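So the chains spell out like this:
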Amino acid sequence: MSDLRQESPLAGFRSNTAAGEAGSPGVILTERPFLGYVNLRGDAGDATFLAAVEGVLRVALPLDPNTIAEGEDVTACWMGPDEWLLILPPGAQTRALAALGEALAAHHASAVDTTGGYTLVNVAGARRRELLAKGCTLDLHPRSFSPGQCAQTNLGKAGVLLIPRGDGSDAQSFDVIVRRSFADYLGLWLQHSAREYGGAGAAVS
Amino acid sequence: MLLIECPWCGPRDESEFAYSGEAHIVRPLTPEELTDEEWADYLFCRRNTRGDHLEQWCHASGCRRYFNVQRDTVTYRIKSVYKPGEPPPGDRP
Amino acid sequence: MSQPHRLAEGGRIDRKRPLTFTFNGRVYPAFRGDTLASGLLANGVHLVARSLKYHRPRGIVGAGVEESNALVQVGEGARSLPNLVATQVELYDGLSARSVNVFPSVGFDLRAVNGWFARLMPPGFYYKTFMWPAGSWRQYEHQIRKAAGFGVVPTGADPDDYDHMNVHCDVLVAGAGPAGLAAALEAGRTGARVILMDERTEPGGALLAGSGRIEGLPAGRWVNRMVEELASLPEVQVLARTTVAGYYEHNFLLALERRTDHLAPGSDPGPRQRLWRIRAKQVVLATGAIERPLVFCNNDRPGVMLASGVSEYIHRYAVLPGSRAVVFTNNDSAYQTAFDLLDAGAQVEAIVDSRPAGQRSAEARERGLQVMNRHAVVDVRGAKRIRGVRLMALSADGGSVSGKGRLACDLLAVSGGWSPTVQLHAQSGARPAYDARKVCFVPGPSVQAERSAGACRGSFDLQACLTEGFRAGAAAAHATGHGDGGLSRPIPSVEGREGDPIQPLWIVPAGKPVSRVPKQFVDPLMDVSAADILTAVREGYDSIEYVKRYTNLGMGPDQGRLGNVNGIAILADQHGTDPGSIGTTTFRPMYTPVTFAALSGGEQKELFDPVRKTAIHEWHVEQGALFENVGQWKRAWYFPWPGESLDEAVDRECLAVRRSVGVLDASTLGKIDIQGPDANVFLNRVYTNPFMKVPIGRCRYGLMLDENGMLMDDGVTARLGEDHYLMHTTTGGAAHVMSWLELWLQTEWPELKLYMTSVTDHWATVSLCGPNSRRVLRKLCSDVDLSRESFPFMAVREGAVAGVPARIFRISFTGELTYEVNVNANFGRHVWEAVFDAGEEYGITPFGTEAMHVLRAEKGYVIVGQDTDGSVTPVDLGMERMLGRKKDFLGKRSLFRSYLVRKDRKQFVGLLTEDPKEVLPEGGQIVDDPSAPLPRPMLGHVTSSYYSAALERSIALGLVKGGHGRTGETVHIQNFDGRTIAARIADPVFYDPKGERQNV
Amino acid sequence: MQKYSFLSLARNALTYHENWQRAWRSPDPKPGYDVVIVGGGGHGLATAYYLVKEHRVGSVAVLEKGYVGGGNTGRNTEIVRSNYLWDEAAHIYEFSLKLWEGLTQQINFNLMFSQRGLLSLGHTLQDLRDIQRRINANLLNGIDSEFLTPEQIKEMVPAIDVSPRARYPILGASLQRRGGTARHDALAWGLARAADSVGVDVIHNCEVTGIRREGGAVTGVDTSRGFIKAGKVGCVTAGNSGVLASMAGMRLPLESRPLQAWVSQPLKPILDVVVMSNAVHAYISQTDRGELLCGAGVDSYNGYGQRGSPATLEHAIAAIIEMFPRFSRVRMLRQWAGTVDTCPDACPIIGLTPVKGLYFNCGWGTGGYKSTPGSGWVFAYTIAQNRPHRLNEPFSLERFATGHLIDEHGAAGVAH
Ligand SMILES: Cc1cc2nc3c(=O)[nH]c(=O)nc-3n(C[C@H](O)[C@H](O)[C@H](O)COP(=O)(O)OP(=O)(O)OC[C@H]3O[C@@H](n4cnc5c(N)ncnc54)[C@H](O)[C@@H]3O)c2cc1C
Ligand SMILES: NC(=O)c1ccc[n+]([C@@H]2O[C@H](COP(=O)([O-])OP(=O)(O)OC[C@H]3O[C@@H](n4cnc5c(N)ncnc54)[C@H](O)[C@@H]3O)[C@@H](O)[C@H]2O)c1
Ligand SMILES: Cc1cc2nc3c(=O)[nH]c(=O)nc-3n(C[C@H](O)[C@H](O)[C@H](O)COP(=O)(O)O)c2cc1C
Ligand SMILES: [Zn+2]
């Protein structure tokens, strides 16, 4: 399948805007397309479910709201009291789904492939927080939002999952995960909002 | 602009939530046994409280959970939030 | 170039940066740091505007936000700005401004004739006349409207950007005068996150407009020191040119930052204005106070200014607004203005003080000034600029006057006391209270996490402002868990003296009844005089809310900042009570006007609402498709060939589907993955038809009702595994259906075991329709047996299509053999293109939503939202068979109410015109008797109507009263374009009624 | 009643306006009345006026808890029209519009009823179908209604943007030329004066705190100024109707929501028709003083605070700029809100209740200003005759049990 042509959700956005102006001083936007995404549901109060999942992912699911757990090849994000989003390297979702399906066969749980439904844009640069604050009502200050956490919220008019990245408490960048159909809008929004932070504007690279 | 405390995610801006009407409206178990009037009462009639209102919200842009809020509809002050299935705070007429 | 009224030294202007600006076509010199008002005054220009109603000449009254006369239009064209206040317009080189609402010029304004008829225009005069002849108001209105308004709307779309900035803090401090600076610093020192905002160019507040000293330093230097320390605190943010404009629930505030208005247009790449959306744990209001004018005859003449304004022009801008001045006051603060004038070289003719002699008058006399105690200015002379004042002696109670006197002057500095800016406090939901000793409204008990400090709390003495400021900062920070609530350092001391109390003086008596003397303005901007208030009271409009609405007091662009308290007090006098028992009107956002675009965040056009696109969208664009908005989605509407019309393209697309193969991008359909042992129970409750026993690998069409029994959504649900289903919803209904289902699951049936996941975005859906679709798909898919026998209609299979794992559904909205191929959307375009390559030999044709609508109409399939409108039940649609009899489902009970079981409800039917070429108008109303008198009984309307190329005739669907029993009857369709068309009621399934074509 | 005219103005000018009479008296409540109307908004005042004028009811009082016209009557966006979709709604609104057309003269108070025309814009193909359906229904109901193409819209409203660049381009509109605006305060005051002139006691600062009943029939109301006896009580309290209903032990199919409006600073004339867009939830007109008067869709959650959410406001402003890019730099002067009583079908409830002698007129939600005279007329009839007028029969409480809702949401969207 790897030889088949995949197209990133931001392809259309890129073809309509001048790409290549990324890396503007204030903000750097980078798309990480084609990652694997699995939506996992199950009973957080059921230790056997948690153990089964941990057996597959080799990392315990985060149980505290709005936190993440990082395994070797997976980031598990808390999405709800019985819901997690697993972010995997490109293509890895197939095996993960199969393994989860097997491990959870005896549980009331669901693991759903949503790989085609998302893309991820990493927002870095000195003005990253201001950029996001233009369209996000979350408190992004390091005192209240730092690596290890995640949050579903709105950015502009799109729902997103935000993940602060980096080490220490001051996130060096933020992963913004958005539904595919909103990616184009989000690209525009980011570009529009980043305009003042450098050159003719940031483009998603 | 309300700051609503999702029982799971903590305080978040109003814009992340969807209002979903008065809380504790229980669907009758045997609708077919109700008169048209009783059914209409369930469907449409509301306390529409001026003051402490028990209402349902959904953290739509967040964890997608529905929960209950006790909010003063005059001052908009939120007195408490509680999960579905939990009893409402205080005495209720 | 000379600026005759510019002082040789001083001020906070940058004399090294001279500039020129244009006002009413004339070019004037000024300096960077000037406002339009100070620039004009420096050049001796006082007459800048005309009033709204009488077009009286008006000058500059104050130096800041309190200005309520000098409205101007700045700039021309698309960048023009209406109704700016001259004191708030910072000059840049080349700025051009003009007076508004004047014709032909501010100096000679023809509409000033209105003034002659002022007697005929008491408050509310328009309610009493312009009534005849009946129905003629439009003509009067036409004339009246011409005179309305101040500035003009820009001539084109806005070239500038705007944005929002969401911000959280522990302590928000509004106002950076001494109190605000102190509060911000004290809070900042605790490590709390602090934001300090001030609407002016730089922090300092009243300190920059006076000559005081703090801790031995000149006030300006002290301010610099504070600002430096604030800048050194990492968690403190200071914003200038930022007005806190709105205070909402839950300590949410809006503030407008004017980022570039002080710069020449286009010189800054960022947004012109930014709306700060602030969520503060604690708020400190330190917004200062505004001086009140005094109410005497002709008090609106150019040259009559607020005393504090005069001082501010001298200190801040080094401008001397007049050379011969009279100062008129009822309190101490204006004495400083007299001294400032004197020090700046003006001649001070007299201080006219309504009070008996006191400490301040003694001090003034020591300085050689003439002080006229127990006197009042009752009138002024001069129209476009004052030439002098008329004086009279006041009785001890201030209620009457006697004697006569005159003084010549070109400047009258007045002070009627101070009004704390309690606006934000009041907006927070609190009620200001009247303080009789201070003669002003002060903040009442707080209802949000908010406190006031300094002059906005009625503390007019600098020492008190500082003390309150530091304490408020410490307390606010402490309330957020920072610091211990105590002060970090001693409060700086300032020298001060005790003064004499203010004496209320609400209307300066003029020896005759108020109604008979020249106008004594209370709200000059709206041309409201003291006599107007009395007239209103007389007519029974005697509460403050009536007075406001009847006279327009406080309804103008300044929202009564200048005049309201005087108006309230005058009303109180009439009722023989005090202003406190009258109360204020409701203070509402905005504190000062806020640009529409800033409020909207500049999110226009494609940012107004997200455009949702499918994975195949770009392909459609490349093919020249036209798009239709469906919810937030863009869906390909049709794919015209060059020169083709909509109808031609749709006919071609439809025929391709009927005859060979067409392809539709159906990715926008909502898709919900449902898993769990109770999934079938759940589906069985939310759909009208039975869902307990759908075989694995098979699909079932379902109808979803709201609890009121009306059709809400429909779609096909497939059973993928033992406990695994995939629900399809309509494109527009997807989000609503998802939250509807979650609502029931989470709140009503939490015991049901199932999980729902939206997978709409994950799947790209390529729908191959038409007799050749199997042949095309077979070329791309080898691991699924596509034959009718092993993959029948309403079945689902998994396999690889063009090398990509796919789910294939044999469901159809067109009535043709159809395969809906779903693949991971990252491969959507790949598969789509592969399908086209494979279908080339069959003339494979992309089709859009329009053709899809025609094809489904040929089959009589409803579109929820087009053929239904929230008042249609499945029974109305002729779908009783879809109603499970042995089970309950959402909405079921409603279907049995008396109105819903009636036989004459509007029912879904087909409509066929006599003339097969004639296409009925959608939205046409259906009647039995097209010539019955109006109101003419209507039977229903045409919901869908097309020309069917396959049937070679027009077809239509509609809702008709009792329609199910009227098949074959003729009805008439009437349309606003004058057409009346006869049509026969028919079965809604026009094409392949047995459904054979999809089942091959 | 002192007659208002240009002459009376001139005469009073000669005496410096010192001799005007009160527009209406300010009486203290009497111990009892034949009919007590609760709520001194337009509907309550009109009801009282017609009760005396048309039905010769002996003694009538209007009890208002605040000041007359301080409820939604005094805070709405003044839109008057009758182009409703469903017959039942169209008939009552058209009846009302006809009353408007003569009301200024009848009550001798200039209501500044300006039939400057009202455009409802369509932005999607489905909007257009709905608009055309409504136009056709209007015409057959005898209500003037026209369809305008984008070009015709542009010609009528030069400031509007009909280009396809908009996110939701304007594809067409319906126009009701007889629609327009009328001055809100004038309506409240004119009706108060008219009611007063026929003998109604218009009593402000008198809050009803209880509804007394005996044997299933109303006996009077408790108020902040004491008990007032009444044979019949008509409640016309808009956003507070739920509160009044609970005083009588009832629950109504209502939710009280904030509805927001705002004005810009006064500007020179730029917009001479009313423009509404249901799809983007905003509407706008320009007042005779020059402010752009704008309104939003109803807020999403219950509230009695007469304050709205900035979120709703921001969206509505963006929508206005979408339609009128030239208004981008215009500045908002003041925003406010009213509390509207919304019914599930966006139509009012006018009629009898299970309590004898108790009547309710409510549920006008976001759109009852325009219906004020008509609503007063039929409600007066209903109270006087103890049965509904033919025009308000469909708007009884029973419709919620029978299912005969009149769903104006369906094709008319928000119903201002
Ligand atoms: C922002 C906004 C915009 C609107 N725009 C339009 C529009 O453009 N066109 C349109 O047709 N409609 C519009 N409406 C709706 C319209 O304003 C109302 O439907 C209409 O004014 C209702 O009139 P009313 O007399 O029933 O209510 P109100 O004017 O609200 O009168 C009810 C009165 O009852 C009083 N009251 C309440 N409780 C008590 C009590 N216990 N005792 C005594 N008195 C009490 C209240 O103080 C109030 O004065 C709008 C509404 C709002 C809020
Ligand atoms: N002598 C008198 O009678 C008298 C009267 C009043 C004030 N004063 C003097 O004035 C000073 C008062 O100090 P203070 O700090 O209380 O007030 P201030 O007037 O010095 O400062 C208030 C600041 O708040 C800003 N502001 C107001 N509203 C705002 C808003 N909505 N958003 C953002 N900024 C806003 C103003 O631009 C100003 O800079 C003292 O020096 C006092 O002695 C004297
Ligand atoms: C049609 C209309 C026009 C208005 N125009 C203005 C205006 O020009 N200036 C103003 O300050 N307020 C204006 N208002 C708003 C009122 O000041 C006030 O906010 C509103 O009546 C609600 O009352 P409240 O704010 O006292 O609660 C207007 C209100 C309406 C209904
Ligand atoms: Zn949550």
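Everything numeric here is computed off the predicted structure, so don't read it as measured data. Starting afresh in each chain, residues are numbered from 1 along the sequence in its written order. Naming scheme: in the order in which they are written, chains are lettered from A and ligands are numbered from 1. For a predicted model such as this one, the threshold for reporting local features is a pLDDT of at least 70, and the threshold for listing and counting side-chain atom pairs is 80 or more; totals across whole chains, interfaces and linings nevertheless cover every residue. Values shown for side chains rest on all heavy atoms present in the structure; no hydrogens or waters enter the calculation.

Novice: Even after reading the chapter, I still don't get the domain arrangement of chain C, so can you show me in this structure?
Specialist: Frequently, the measure chosen for interface size is the accessible area removed from exposure when the parts meet. Each domain span listed reflects an automatic or database assignment of domains. Domain annotation of chain C identifies domain 1 (162-289 + 420-479) and domain 2 (617-667 + 762-855). Each of domain 1 of chain C and domain 2 of chain C has a C-alpha centre, and these two points are 61 Å apart.

Novice: Please explain the coordination of the zinc ion (ligand 4) as it appears in this structure.
Specialist: Put simply, the ideal angle at a metal is 109.5 degrees for four donors in tetrahedral geometry and 90 or 180 degrees for six donors in octahedral geometry. Residue and element names in this part refer to chain B. The zinc ion (ligand 4) binds to the protein through Cys6 (SG), Cys9 (SG), His59 (ND1) and Cys63 (SG); the donor distances cover 2.0 to 2.4 Å. Atoms are scored as donors when they are N, O or S and lie within 2.8 Å of the metal, with 3.2 Å used for Na, K and Ca; no water is included, so coordination may look incomplete. Just to be clear on the cut-offs, tetrahedral is four donors with all angles between 85 and 135 degrees, square planar is four donors and octahedral six with opposite donors over 155 degrees apart and all others between 65 and 115, and anything else goes down as irregular. Taken together, the four donor atoms coordinating the zinc ion (ligand 4) and their angles of 104 to 117° define a geometry best described as tetrahedral. For the zinc ion (ligand 4), the single-chain donor residues occur in sequence as C-x2-C-x49-H-x3-C. For each residue, the accessible area found with a 1.4 Å probe, counting protein chains only, is set against the maximum for its type, and the residue is called buried under 20%, exposed over 50%, and partly exposed in between. Residue class for Cys63 comes out buried when judged on its relative accessible area of 1%.

Novice: Is there a simple way to explain the environment of Asp184 of chain A in this structure?
Specialist: Strands are runs of DSSP state E lasting at least 2 residues, helices are runs of H or I lasting at least 4, and numbering of each runs from the N terminus. By the secondary structure assignment, Asp184 of chain A is in helix α5 (residues 180-194). Filtering out sequence-adjacent residues up to four positions away, Asp184 of chain A remains in contact with Leu10, Gly12 and Phe13 of chain A together with Lys613 of chain C. Only heavy atoms matter for contacts: two residues are in contact if any of them lie within 4.5 Å across the pair.

Novice: I'm lost on the site of ligand 3 in this one. Help?
Specialist: If even one non-hydrogen atom of a residue comes within 4 Å of a molecule or strand, that residue is called near it. Taken together, 19 residues lie around ligand 3, and Lys548, Met555, Gln559 and Arg588 of chain C together with Arg334 of chain D are the ones closest in. At the site occupied by ligand 3, the surrounding residues belong to chains C and D. Contacts to ligand 3 include Met555 of chain C, whose backbone N or O atom sits 2.8 Å from a nitrogen atom. Within the side chain of Thr586 of chain C, an N or O atom sits 3.5 Å from an oxygen atom of ligand 3. Polar contacts here mean pairs of N or O atoms no more than 3.5 Å apart (in protein, one a potential hydrogen donor and the other a potential acceptor; neighbouring residues in sequence count only if both atoms are side-chain atoms).

Novice: Could you clarify how one ought to interpret the confidence of the model for chain C in this entry?
Specialist: Per-residue confidence from the predictor is reported as pLDDT, a score between 0 and 100. Confidence in the prediction of chain C, expressed as mean pLDDT, is 96, and 100% of residues score 70 or more. In the model output, the complex is listed with pTM 0.97 alongside ipTM 0.97.

Novice: Is there a simple way to explain the packing of aromatic side chains in this structure?
Specialist: Pairs of aromatic rings are described using the distance from one ring centre to the other and the angle between the two planes. Residues and elements named next belong to chain A. Geometry of aromatic contacts follows a simple scheme: Phe, Tyr and Trp rings, the Trp one being its six-membered ring, pair when their centres are within 6.5 Å, and the pair is stacked under 30 degrees between planes, edge-to-face over 60, tilted otherwise. Counted by the stated rule, this structure contains 55 aromatic pairs over all chains. Taken together, a centroid distance of 6.2 Å and an interplanar angle of 15° make the contact between Phe145 and Phe174 stacked. Here Phe145, found in the loop between α4 (128-133) and β8 (151-155), pairs with Phe174, found in strand β10 (residues 173-179); they are 29 residues apart in sequence, far enough to count as distant. Each member of the pair, Phe145 as well as Phe174, is classed as buried.

Novice: What is the right way to read the sheet that holds strand β21 (residues 375-381) of chain C from this model?
Specialist: Strands in a sheet are paired, the pairing made by backbone hydrogen bonds, and the direction either parallel or antiparallel. Residue and element names in this part refer to chain C. Ordered in space as β21-β22-β23, the three strands form an open sheet in which the pairing is antiparallel. The sheet is open, and its two edges are formed by β21 and β23 (401-408), each paired on a single side. In this sheet, adjacent strand axes meet at a mean angle of 25° when their direction is disregarded. When DSSP finds two or more bridges between two strands, those strands count as paired. Lines fitted to C-alpha atoms define the axes, with helix axes restricted to the stretch in contact, and inter-axis angles between N-to-C directions lie between 0 and 180 degrees.

Novice: Would you take a moment to explain the site of ligand 1 for this structure?
Specialist: Residue and element names in this part refer to chain D. Neighbouring ligand 1 are 39 residues; Glu64, Asn72, Thr73, Thr77 and Lys370 lie closest to it. At 3.1 Å, a backbone N or O of Lys65 approaches a nitrogen atom of ligand 1. Asn72 places a main-chain nitrogen or oxygen 2.7 Å from an oxygen atom of ligand 1. Residue assignment for the shell around ligand 1 shows that the elements contributing at least two residues are α2 (42-53), β12 (255-266) and β16 (331-342). No other element matches β12, which puts three residues into the shell around ligand 1. For the shell around ligand 1, a count of residues per class yields 14 nonpolar, 19 polar and six charged. Gly is put with the polar residues, along with every residue not named as nonpolar or charged; the nonpolar set is Ala, Val, Leu, Ile, Met, Phe, Trp, Tyr, Cys and Pro, and the charged set is Asp, Glu, Lys and Arg.

Novice: Would you mind going over the domain arrangement of chain A with me for this structure?
Specialist: Residue and element names in this part refer to chain A. Examined at the domain level, chain A breaks down into domain 1 (11-33 + 116-203) and domain 2 (36-115). For domain 1 and domain 2, the distance between their C-alpha centroids amounts to 25 Å. On the side of domain 2, 13 residues touch domain 1, which itself brings 14 residues to the contact. Here the quantity called buried area is the accessible surface, traced with a 1.4 Å probe, that two parts lose on coming together, added over both. For the pair domain 1 and domain 2, the summed buried area comes to about 1,200 Å², and 55% of that belongs to carbon and sulfur atoms. Looking only at domain 1, the three residues that lose the most surface to domain 2 are Tyr118, Cys150 and Gln152, adding up to 42% of its buried area.

Novice: Looking at this structure, I do not really get the interface of chain D and chain C. What am I missing?
Specialist: Residue-level contacts link 107 residues of chain D with 121 residues of chain C. Approximately 10,500 Å² of surface area, both sides summed, lies buried where chain D meets chain C, with 55% of it carried by carbon and sulfur atoms. Looking only at chain D, the three residues that lose the most surface to chain C are Leu140, Arg167 and Arg329 of chain D, adding up to 9% of its buried area. Within this document, salt bridges are pairs made up of a side-chain nitrogen of Lys or Arg and a carboxyl oxygen of Asp or Glu, the two lying within 4 Å of each other. The interface formed by chain D and chain C holds 13 salt bridges in total. Summed over the shared surface of chain D and chain C, the result is 71 residue pairs in polar contact (both at pLDDT 80 or more). Only α1 (6-14), α3 (87-107), α4 (125-140), α6 (184-197), β12, α8 (310-323), β16 and α10 (399-402) of chain D provide two or more residues apiece to the side of chain D that touches chain C. Here the side of chain D that touches chain C takes ten residues from α4 of chain D, the largest share from any one element. Residue composition of the side of chain D that touches chain C, grouped by class: 51 nonpolar, 31 polar and 25 charged. As paired elements, strand β31 (residues 594-595) of chain C and β16 of chain D share two bridges and run antiparallel to each other. Residue Thr595 of chain C lies in a different strand from β16 of chain D, and its bridge partner there is Arg331 of chain D.

Novice: Can you help me understand a nonpolar patch on the surface in this one?
Specialist: Residues and elements named next belong to chain C. A contiguous nonpolar surface patch, about 340 Å² in accessible area, is contributed by Phe103, Phe108 and Leu110. In this structure, Phe108 sits in the loop between β7 (96-99) and α2 (113-116). Assessed through its relative accessible area of 53%, Phe108 is described here as exposed. Think of a patch as exposed residues, more than 30% relative accessible area, with no salt bridge, where like charges cluster within 9 Å and nonpolar side chains (Val, Leu, Ile, Met, Phe, Trp, Tyr) cluster within 5 Å. To measure how exposed things are, a 1.4 Å probe is used in the Shrake-Rupley method; for residues, cover is taken only from the protein chains shown.

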